[in-house]
Amino acid sequence: MLLESFYHIAQNNWAYAYDKDTIHVRVRTKRDDVEEVTAETGDKYNWERFYREYPLKKTGSDKMFDYWEASIKPHNKRVSYCFRIRAGSETVWLMENGVLSYRPTPTGGYYDIPYIHEIDLHTVPEWAKRAVFYQIFPERFANGDPSINPINTEPWGGKPTHDNSFGGDLQGIIDHLDYLQDLGITALYLTPVFEAPSNHKYDIVDYKKVDPHFGNNARLHELVQACHLKGIKVMLDAVFNHCSERFPPFQDVLKKGLKSEYAGWFHINSFPLAILNGIPTYDTFGFYGHMPKLNTSNPAVKSYLLDVAEYWVKEVGIDGWRLDVANEIDHYFWREFRDVVKPLIRTRTLWEKYGTIL
């Protein structure tokens, strides 16, 4: 066996608490090099009493490696473990401190999951696990209300371009809910619906206002209610990494520069704001000067966006948020976002299920 190909760490996607009773572990070996991988597990305070073996199943392969996985159910929410790896007559043990050709004495040098804390678990709503999602780009789905079409709206069925419009709106979605239900759809994910100058709406000007070419806040509420009556959940797009250059706080910075009370709302590298040789003097989404990046570590920005996240859950009753460019936003913000949004959705779900707040 090629020992150098073995890989496992007791964290991240290699060992993690799946739920309050279960730990998933994964091991990597050289492709087609190993016949059997077994997790030898026990409690570090009483190894013999709680000793148990779990065979790992080969769950995937690439050009170089095989990947093995098992679900471990520790008796006391903690577990120490190593891996027994066999190929033919050769057997070795993979541990935290290396690979041995003999069974090590428990539990020195073993991998260790100290304790499963339920508060640390990533929990997914039950409905989301079973949901059949349908993603809708509202401008391109259906034109239900021609009276709110943008200027120069093109006939439906024409050739889409980066910036043309066909008049898709929220009424168009409402009109087709029976069609979506017949498809077996149980959840809708709408790309941004808030006021923005583009057809894609990822350059938001007003985070609390539905774009007039899509309808209004009342129409969005109507859509959510209609979906819920059909057992369909609704998820909106949280574009919190960046906004539009027309976003009022950014316009204030453009006019007042460093004297603007909103100067700290953005990642500005130098004043005055400009685009030099194709590169803005402020951070943006990509290098698009019309989409300045928000400084989510700024207390005022954080308060503003968290209020937005709360607003649409409370006022319209959405069931969740899709997080746009989530990997470019600081983790502290997302932790607070979760603290705000999760209790709201959970409370409403309990109310719908039991008719009372538990």
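Parameters at a glance
- Residues numbered from 1 in each chain as written.
- Predicted model: local features only at pLDDT ≥ 70, side-chain atom pairs only at ≥ 80, totals over all residues.
- Heavy atoms only, no water.
- Helix = DSSP H or I, 4+ residues; strand = E, 2+ residues; numbered from the N terminus.
- Buried < 20%, exposed > 50% of the residue type's maximum accessible area, 1.4 Å probe, protein only.
- Contact = heavy atoms within 4.5 Å.
- Areas by Shrake-Rupley, 256 points an atom, 1.4 Å probe, with all protein chains shown as cover.
- Lys, Arg positive; Asp, Glu negative; His and termini not counted.
- Charge placed at Lys NZ, Arg CZ, Asp CG, Glu CD.
- Pairing = 2+ DSSP bridges.
- Axes fitted to C-alpha atoms, helices over the stretch in contact; angles between N-to-C directions.
- Arc of directions from axis to C-beta.
- Core = buried A, V, L, I, M, F, W, Y, C linked by side-chain atoms within 4.5 Å.
- Salt bridge = Lys/Arg side-chain N within 4 Å of Asp/Glu carboxyl O.
- Polar contact = N/O pair within 3.5 Å; in protein donor to acceptor, adjacent residues only side chain to side chain.

Student: Honestly, the overall build of the chain in this entry has me stumped. Any pointers?
Tutor: Secondary structure assignment for the chain yields 8 helices and 18 strands. Its C-alpha atoms give the chain principal-axis dimensions of about 75 × 55 × 45 Å. Here the chain holds 358 residues, and 44% of them are scored as buried. Partitioning the intrachain contacts of the chain with sequence separation of at least 6 by distance along the chain shows that 63% fall at a separation of at least 24. As displayed, the chain offers around 19,200 Å² of accessible surface, 51% of which is attributable to carbon and sulfur atoms. Counting 41 positive and 48 negative side-chain charges, the chain places the centres of these two groups 3 Å from one another.

Student: What should I look at first to understand the sheet that holds strand E15 (residues 233-238) in this one?
Tutor: The strands making up a sheet associate through hydrogen bonds between their backbones, and the pairing can be parallel or antiparallel. An order of E11-E12-E15-E18 is seen for the 4 strands of this open sheet, with the pairing classed as parallel. Two strands in the sheet have a free side with no partner beyond their single neighbour: strand E11 (133-136) and strand E18 (320-323). Taken over all neighbouring pairs, the strand axes of this sheet differ in orientation by 25° on average, direction set aside. Sheet topology places E15 next to E18; 4 bridges connect them, and they run parallel. The partner of Leu236 across the bridge, within E18, is Trp321. The sheet contacts of helix H5 (residues 217-229) involve strand E12 (187-190) and E15, and relative to E15 the element is tilted by about 140°.

Student: Can you walk me through helix H6 (residues 248-256) in this structure?
Tutor: Residue pairs three or four apart in sequence face the same way in an α-helix, which turns once every 3.6 residues. Of all the positions in H6, only Pro249, Phe250, Asp252 and Val253 are classed as buried. Along the axis of H6, the buried positions cluster into a sector of 155°, meaning they face one direction only. Downstream of H6 by one or two residues, Gly257 has phi in the positive range, about 65°.

Student: Mind showing me how you'd approach the nonpolar core here?
Tutor: In globular proteins that are soluble, nonpolar side chains generally tend to be buried together. Residues Leu188, Leu220, Phe240 and Trp321 are the most contacted members of the largest nonpolar core, which totals 57 residues. With 7 residues, the single largest contributor to this core is helix H7 (residues 299-315). Sequence-distant contacts of Leu220, defined by excluding residues within four places in its chain, comprise Leu170, Val193, Val210, Leu236, Trp312 and Val316. Grouped together as the second largest cluster of nonpolar side chains are 23 residues, Val27, Val79, Tyr111 and Ile116 included.

Student: Explain the pairing of strand E3 (residues 36-42) to me, please; I cannot follow it from the model alone.
Tutor: For a regular strand, side-chain orientation follows a simple rule: the groups alternate between the two sheet faces. Summarising burial for E3: 6 of the 7 residues are buried, a large majority. Sheet topology places E3 next to strand E7 (residues 79-87); 7 bridges connect them, and they run antiparallel. Directly across from Thr38, in E7, lies its bridge partner Arg84. Pairing of E3 with strand E4 (residues 52-55) involves 4 bridges; the strand directions are antiparallel. Along E4, the bridge assignment pairs Thr38 with Pro55.

Student: Any chance you could explain the pattern of salt bridges here in plain terms?
Tutor: Where charged atoms from two side chains of opposite charge come close, those side chains can pair. Taken as a whole and assessed by the stated rule, the structure comprises 24 salt bridges. With a shortest N-O distance of 3.0 Å, Glu69 and Arg26 are connected by a salt bridge. A residue pair is termed long-range when its members are at least 10 positions apart, and Glu69 in strand E6 (residues 65-72) and Arg26 in strand E2 (residues 22-30) qualify at 43 residues. Its relative accessible area of 25% is what places Arg26 among the partly exposed residues. A salt bridge links Lys209 to Glu195, with the shortest nitrogen-to-oxygen separation between them at 3.7 Å. Of this pair, Lys209 sits in strand E14 (residues 206-210) while Glu195 sits in strand E13 (residues 194-195), placing them 14 residues apart in sequence. Take Glu195: its relative accessible area is 22%, and that puts it in the partly exposed class.

Student: Explain the pairing of strand E5 (residues 57-61) here, please?
Tutor: With 4 bridges connecting them, E5 and E6 associate as antiparallel partners. By the bridge assignment for E6, Lys57 is matched with Glu69. Hairpin connection, E5 to E6: the antiparallel pair is bridged by 3 residues.

Student: Honestly, the side chain of Asn164 in this entry has me stumped. Any pointers?
Tutor: Assignment of secondary structure puts Asn164 in the loop between helix H2 (138-141) and helix H3 (170-175). Here Thr161 takes part through its backbone nitrogen, which lies 3.0 Å from a polar atom of the side chain of Asn164.

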